[in-house]
Every structure is written in structure tokens, then in C-alpha cells.
Amino acid sequence: MKPVTSLVEITKKERRTLQLPRPGPLWLALPGALFLLLFLIWPSLRIFSLSLFDRSGQFSFAAFARFFGPGVYNRVLFNTFNIAFWTTAWCLLLGYPLAYWLSGLSKRNQQILSLLVLLSFWSSTLVKNFTWLILLGRNGFVENLMQSLGFPDIHFLFNREIVIFAMVHTLLPLAVVTMLPVMNQLDRRLMQAAATLGADRMQAFWRVWFTQSMRGVAAAGLLVFISSLGFFITPTFLGSPREMMLGQMIIMQINELQNWQLGSALAVVLVCAALISCVIYNLIFGLSSLAGESRAARSSHSRMVRYVGLALVKSIATLSSVIVRLYDRTLGKVLRVRLLGVYACLAIFVLLFPVLAVIPMSFTRGSFLTFPPQGVSLKWFEVWFNSPLWVGATLRSFGIGVVVGGITCLLGTLAALSVSRSQSRARGWLFFLFLLPMMIPSIVIAIALFYFAAQLGLVATDTGIAIGHVVIALPMVFVILLTTFQGHDWRLDHAAATLGASKFQVLWRVTLPSVKGGLAAAFVIGFLTSFEELTVALFMGGGMKTTIPKQMWDDILLQVSPTLAAASTMVLLVVVVLFAVMQSIKPRNKRVSS
């Protein structure tokens, strides 16, 4: 029997050595990773190479030397960082109280008011900025209101302050929706426990609540800062040449002057600034906190930063306690209102005001956009409906948006499932790869794809626009689905498997139905990102294929008719309907009792 037994053992060993490695969960992320390598990493590297060669093909650092030398480019670089810094600071300062107030509401009220904040976020930046141009312009609604209150000769437009204000208005919802999930995970009873130990309400807030919510604040700051670096719509409409930013300079160099070397060099500088910000953030907090994960292990450097931060928070808490005690003894006895609630309602009103102001302007009888509108008429909706250009752009945006929503949902689901289930060290690199389009300003992605797509014949095609939109939308979809899968109870899958279900049956009948709310939200976010995206359409459309944001851009630059307001109202209607659909499909968070 021994020879037979040893022969069987040898056969088993040979079978194990010849057996191919079983694909783990990381293989699920392969389609999305290949897509990003082909349409993000490779085009970005080509742009970097363009910055190092002049028109004759000679290797040269002339573009970087020209940029960092004395002249207008230094001022543009300073403007970009200065405006991005103040935009980020104001978004955090104004957004934190709003997120804190929302986190204290009941679940239903929080969902309703958060949808209002998201409605402002997903409304077209182009339309909001143009609405501010009308409201704040000469003889506009705000200027007339200020004059009636006794403040004559106030001019709001074409200065740095209004550019920062409009950028804060655009990005404040992003800061709020980034901080809110982190605050929802915190236990408010911790502040009550601190109060029972003798801490006043400000000491409890700063030293307990604020420190616990800091990773949400840091994530919001990173996203807002990177988004601010690539802005070009707001300074174009509301700023003067003194407020020119790098995004505007890149478009000028490539679209108008056809100077690809200098334009590429500017893009490289912008990407380096964004990536340096991400590296600093990763050293302190870890990029995984962008998806709501806390960093388990901290480096000695991050611990030192934490100690310094805690000392600063302690000082702020002491100063705040003095101010609040003084307020309670004076104004607090007279004012019987909750100032935080008043501030939050006022902030939501300001966020929605330019969005909702477009609606009455779309019904104007006049030939120019004014607020309040001149009479009531439906003629501009008729102009929009009878215009092949506007209808074609709208239908194209719908078609591309549906395709982008489906593709990003598929790639994001596979990637999120891979990262959430894998225990490999490579999952960190995958997480970084799928988050990379969020870290690179969209203007850089647009020009990199434009140069790459021109060689493939994809410029001025719906396919080219859709590819660019998938690249830009994929990070948000991936983060939403990753948090969804992290909240899924995987014991349900294990229980189904022990009852004889195959892997496909477990996925189809247990996992996907459980996360359908997250899948619906991911599809809607992918669709809306594509539907509202301008930068990629500006380049990849090639002036021939226009989406609804591109058509709005052309209308603003060329003629500015109330048809723009009518189209904006229709877009707003689409956003509202999709939010209603997303709200009606709720995820099931049933968990197995342990």
C-alpha cells in the first residue's frame, strides 16, 4: 500500500505545482485599470513629452524656463494658487457649520436638505456663473437692491473678490457632501460624555467632535483645492485679466495660439501642483480616508502633525469658550433663536438662489436676460424646441450621459468590489489609480485626451466625448460604490454559498440586490457628470459635436439670448427628476444579527 500511497501523494504535489494561480478579487479591477492606463496615464505622459520638445522636434526646457522666468506667467501661477487657497479656506469655513447642522437632523430631514445642497452642486457651473453676471451686473438686481438700501456706487464684478465668491459658491456643496458622511459616522453622545466630565459645550465640540471629524475636513479641503486649480469658467466670466488662472492660460495657448509646448508645460505644472497636494495629504491622513476609511497606522511625521493640531485646537477651544460665555451673558439673553439653524438656512438659500433665478428668466417676454423678467411668455421654450442645434445638443448629452452612466457603473462596480474584497497590498495602488482622475484637473485631462484622440480619429465624435466623460466620472462613481460595498454585510453572501448557491447566483441574487441603492446613485452621478461636463466637450467636440453645456458656452460667448435660460430650466428639470429617482431607490441595510 505504501508505494500506491506515495504515488498518489506525488501526483497531488505535481497537480498543485502545475495548477495555475486562481484569479483573486483584484482581477475584477483589470478592465477599469486598463481603461485608465490607455485613456488617462498614456495621454498624460504624451502631454509631458510635448512640453519637452519644441516645434522643430528638438529637446528643450524653453517652455518651463519661459514659464518660471519673469513675466506674466509668474503672476498667473500666483493668481491660481492664491485664488485656490482662499476658495478652499472659505469653503471649509462656511461649509463646516452647514455640514455639522445637517448631521444633527433626523435622517429624513437630512436627506431632503442634502438633496437641496446637491441640487446646487449638480447644477451647471456655467449657468450659475452667468446668472451671477446678470444679478450682479450694472443695473442688475443686486446693485439696484443695494442702491435702494442706501449703498450707491457699488460695483461687484470683474475683481478677485467676486471670482473667489463665485468659486466658493460652486464648490461649497462639494465640501459639505464630503464632510457630512464622516460626521454622520460620529457619535454625538461623546460630547455629552465630555460635558458630564466638566467640559463646556465649546470644549466638547472642539476637542471631541472637531478632532474626530478632521479627516472629513481634510478630504474636503483636498478636493476643493484641486478642483479650484483647474477653474477657467468663473474667472473668464466674472474676473478681469488680473485674475487670469492657469486653466485660462492653457486654453489660450492651445486653442488660440496653437502653442502646444507651452500649453503642455502649463498643464504639467498644474498636475504637479495637484499631485504634490495629494502626496502631502497622503502623508498626513492617507488617501483611503477619501472613501471614508480611517488610517490605522500613522507615521511619526503624521503623529507629530496630530500633536501640533491638537495643541492648536485646545487653544481655539479655550478662546471659543470665553467668547461663548460672554455671548450667553449679553446677546444670548436677548436673542432666542438658534444662530446655527439661521445660518444653515441662509446658506442653502444662497446656494439655490442663482439656480432657481434661471427659471423665471426663462419665461421672460423680452429679448434679453434680466431679473426680474419682463413679462411672462413661453416663446423661448418654443425657440429651444424648434432649434435643431439646441435639440441636437440636448439629445446628444442624453445619449452620451446614459452610455457614460452605464460604463462607469460597470467599471466602478468591478473595481470597488475588487478593492473592498481584496487583502493584497496592491489594493492601495488600485485605489490610487481609480482616484487619479479626481486628482488631475479636468482641463489637463481634456487637452491630453484631445491630443491622443486626434491621432486615433476620435475628435469630433460622440465616442471621443464619451471616453473623456467616463475618465472624469469614474472616480466619483468608484468612491460611491466602494463605500456601498464596505457597508454591505458579506455574511449574507457566505450564508447563501453554504446553502449551495454558486458565485454567480450569490452575486446576482444577494449582493447586487443589497447594494442596488448604491448602484442607482452611481449611475445617476455618472450620468449627471457627463450631462453637465463642459471641458472635455469643449476640446473633444472639435467645434462640430456640441453637447448641451458646449451649446450654452457658445450661446454665452456669441449672442446671449433667453433661450439659454430655457435650456437651463430643462437641464434643471432633468437633474431634479434624477434626484427623485435616486431617492426612491433606497439601499437595504439589513444585517445578520451576530
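All values reported here derive from a predicted model rather than from experimental measurement. (Residues numbered from 1 in each chain as written. Predicted model: local features only at pLDDT ≥ 70, side-chain atom pairs only at ≥ 80, totals over all residues. Heavy atoms only, no water.)

So, the overall build of the chain
At step 1: On a plain count of helices and strands, the chain comes out with 27 helices and 0 strands.
At step 2: Counting every position in the chain, which comprises 594 residues, the buried fraction comes to 51%.
At step 3: When contacts within the chain are restricted to residue pairs at least 6 apart in sequence, those whose partners lie at least 24 apart make up 78%. (Helix = DSSP H or I, 4+ residues; strand = E, 2+ residues; numbered from the N terminus. Buried < 20%, exposed > 50% of the residue type's maximum accessible area, 1.4 Å probe, protein only. Contact = heavy atoms within 4.5 Å.)

A look at the packing of aromatic side chains
At step 1: In the structure shown here, the tally under the stated rule is 29 aromatic pairs.
At step 2: Here F141 and F353 contribute two aromatic rings whose centre-to-centre distance is 6.3 Å and whose plane-to-plane angle is 40°, an arrangement assigned as tilted. Linking F141 in helix α7 (residues 141-148) with F353 in helix α16 (residues 339-362), this pair joins segments that are 212 residues apart in sequence.
At step 3: Among the aromatic side chains, those forming a connected cluster through ring pairs are Y96, Y100, F205, W206, W209 and F210.
At step 4: In this arrangement the basic side chain of R188 is found over the ring face of Y100, its NZ or CZ atom lying 4.7 Å from the centre.
At step 5: Sitting over the ring of W209, R188 keeps its end group 4.7 Å from the ring centre. (Phe/Tyr/Trp six-rings, centres within 6.5 Å; stacked < 30°, edge-to-face > 60°. Lys NZ or Arg CZ within 6 Å of the ring centre and 35° of its normal.)

Here's the deal with the side chain of S264
At step 1: As for its position among the elements, S264 is in helix α14 (residues 260-284).
At step 2: Owing to a relative accessible area of 0%, S264 belongs among the buried residues under this scheme.
At step 3: When sequence neighbours within four positions are dropped, the list of residues in contact with S264 reads I47, L50 and S51.

Some remarks on the pattern of salt bridges
At step 1: Per the stated rule, a full pass over the model turns up 3 salt bridges.
At step 2: Note that D462 and R396 form a salt bridge whose closest N and O atoms lie 2.9 Å from each other. Taken as a pair, D462 in helix α21 (residues 462-486) and R396 in helix α18 (residues 388-421) lie far apart in primary sequence, 66 residues in all.
At step 3: When its relative accessible area of 33% is taken as the criterion, D462 is described as partly exposed. (Salt bridge = Lys/Arg side-chain N within 4 Å of Asp/Glu carboxyl O.)

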